[in-house]
Every structure is written in C-alpha cells, then in structure tokens.
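Residue-level listing of the chains:
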Amino acid sequence: MLTLPNILTLSRIFTVPLLVALLWWPQWHVGYAIAFAVYCLMGITDYFDGYLARAQGTVSKLGVFLDPIADKIMVAAVILMLVGTHDIAGLHVIAALVILLREIMVSGLREFLAQLQVSMPVSRLAKWKTTLQLVALGALILGGALPNWPWVDAVGLACLWGAAVLTLVTGWDYLRVGLRHMDT
C-alpha cells in the first residue's frame with residue numbers, strides 16, 4: 001500500500017496546505033516564486049507516480065483512487081487562492097468556475113457510473129485540457145512572482161480560457177456517456 005508511487009501521490013495532497021500558505025499574501029513575490037517551485041514539483045510527482053506504478057507493476061487500487069483526487073485538490077486549491085487574491089479576477093473568474101464545476105460534475109458522474117460498473121476512461125482531449133489547465137495555473141502563480149512581466153499573466157489567463165473551453169467540450173462528452181446509463 002505504501003509504495004513509492006502512492007507516497008508520491010500522498011505527498012501532493014499533503015503539500016497543498018503549503019502551496020496555499022505561500023499564495024496567501026499576493027504582495028509577497030518570494031512566496032509566489034516558492035509556490036511556483038512547489039507547484040512544479042507537484043506536477044513532476046504527478047507524472048512520476050503513474051509512470052513508476054506502471055513501470056514497477058505496482059498499480060494499486062489506492063493509487064488509482066487517490067491520483068485523480070490529488071489532482072483535483074491541488075487544482076481547486078490553487079484556483080480558489082488565485083481568485084481570492086485577485087490574480088484571477090473579473091470575467092476570468094467565469095473560466096475558473098467552469099473548470100471547478102466540471103471537475104465536480106465529472107467526479108460525481110464517475111462515482112455514479114462506478115456503481116453500475118461502467119468505466120469512463122480519460123479521453124485524449126481531456127489530457128490536453130489538464131495540461132492547458134496546469135500550464136495556466138503555473139503561469140498565473142509565476143506571474144505573481146514576476147509582477148514586472150505582465151505577459152506571464154496574459155499567457156496564464158489565455159491558457160485558463162483555453163482550458164475552460166476544453167473543459168466544456170470534454171465535460172459534455174463525459175455527460176453524454178453518463179446519460180446513456182441513466183434511467184429516463
């Protein structure tokens with residue numbers, strides 16, 4: 001149960017409070033720089049936990065369960081902090097909200113379908129959505145560390161909107177699959 005891949009996944013969950021604390025004071029640019037480094041490290045562990053589990057043949061039910069939860073906790077915490085500190089503000093909050101609502105909807109849908117023993121694999125487009133979303137949040141954190149480089153925030157917000165559009169498309173795709181298994 002406590003394999004290296006599972007420990008890496010758990011480390012992402014346990015690191016979220018540190019990430020939140022570092023983002024708490026938007027005027028503390030060093031905190032944002034450290035938060036960016038922590039965020040990147042969390043992203044690297046996200047890649048390696050799955051890679052190692054498959055390479056070592058240690059894919060576990062705990063890892064399959066925790067990995068998407070760790071991702072969602074990290075993304076939700078960062079989005080909430082960036083909205084709270086106004087790094088995501090105005091109409092850009094809509095893009096952040098679309099991403100959060102889709103995560104909740106897909107999680108609920110997966111839970112519902114699991115009871116029916118129906119698998120809903122991650123689509124290639126959903127992987128692109130996740131990548132764009134992670135780049136967006138990373139750029140927005142980095143933008144807080146580099147306030148004299150406004151283009152970093154602009155890249156982050158553009159990627160956030162791109163992720164929101166892909167979020168709507170993939171969310172609809174997943175919902176269509178789920179609706180086929182629901183009683184009318």
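Residues numbered from 1 in each chain as written. Predicted model: local features only at pLDDT ≥ 70, side-chain atom pairs only at ≥ 80, totals over all residues. Heavy atoms only, no water.

Asker: Got a sec to walk through helix 5 (residues 124-145)? Specific residues and values, please.
Answerer: Taking 1.5 Å as the rise per residue, helix 5 with 22 residues should run 32 Å; its terminal C-alpha atoms sit 32 Å apart, in good agreement. Within the sequence span of helix 5, burial applies to Ala126, Lys129, Gln133, Ala136, Leu137, Gly138, Ala139, Leu140, Ile141, Gly143, Gly144 and Ala145. Contacts made by the buried residues of helix 5 are with helix 1 (4-23), helix 2 (29-56), helix 3 (61-84), helix 4 (92-115) and helix 6 (150-179). (Helix = DSSP H or I, 4+ residues; strand = E, 2+ residues; numbered from the N terminus. Expected span 1.5 Å × (residues − 1). Buried < 20%, exposed > 50% of the residue type's maximum accessible area, 1.4 Å probe, protein only. Contact = heavy atoms within 4.5 Å.)

Asker: Please provide a residue-by-residue account of helix 4, values included.
Answerer: Taking 1.5 Å per residue, 24 residues should reach 34 Å; helix 4 reaches 36 Å between its end C-alpha atoms and fits that length. Among the residues of helix 4, those classed as buried are Ala95, Ala96, Ile99, Leu100, Arg102, Glu103, Val106, Leu109 and Leu113. Lining the buried residues of helix 4 we find helix 3, helix 5 and helix 6.

Asker: Give a description of the UniProt feature "transmembrane region" (unreviewed entry) in the chain that names residues and reports values.
Answerer: In this structure's numbering, the residues bearing the UniProt feature "transmembrane region" (unreviewed entry) are residues 7-25, 31-52, 130-149 and 155-175. Strand forms 0% of residues 7-25 and helix 89%; the C-alpha atoms that close the span are 29 Å apart. Regarding residues 31-52, the helix share stands at 100% and the strand share at 0%, and the terminal C-alpha atoms are separated by 31 Å. (UniProt positions renumbered as here; feature names shortened; annotations may be inferred.)

Asker: Break down the packing of helix 5 against helix 6 for me, citing the residues and quoting the values.
Answerer: Relative orientation of the contacting elements helix 5 and helix 6 amounts to 155°, with a least axis distance of 7 Å. Viewed along their axes, helix 5 and helix 6 adopt a mutual orientation that is roughly antiparallel. The way helix 5 lies across helix 6 gives a crossing that is left-handed. Across the contact of helix 5 with helix 6, the residue classes break down as 18 nonpolar, 7 polar and 2 charged. (Axes fitted to C-alpha atoms, helices over the stretch in contact; angles between N-to-C directions. Parallel < 35°, antiparallel > 145°, perpendicular 65-115°, else oblique. Left-handed = near helix turned anticlockwise from the far one by under 90°. Nonpolar A, V, L, I, M, F, W, Y, C, P; charged D, E, K, R; others polar.)

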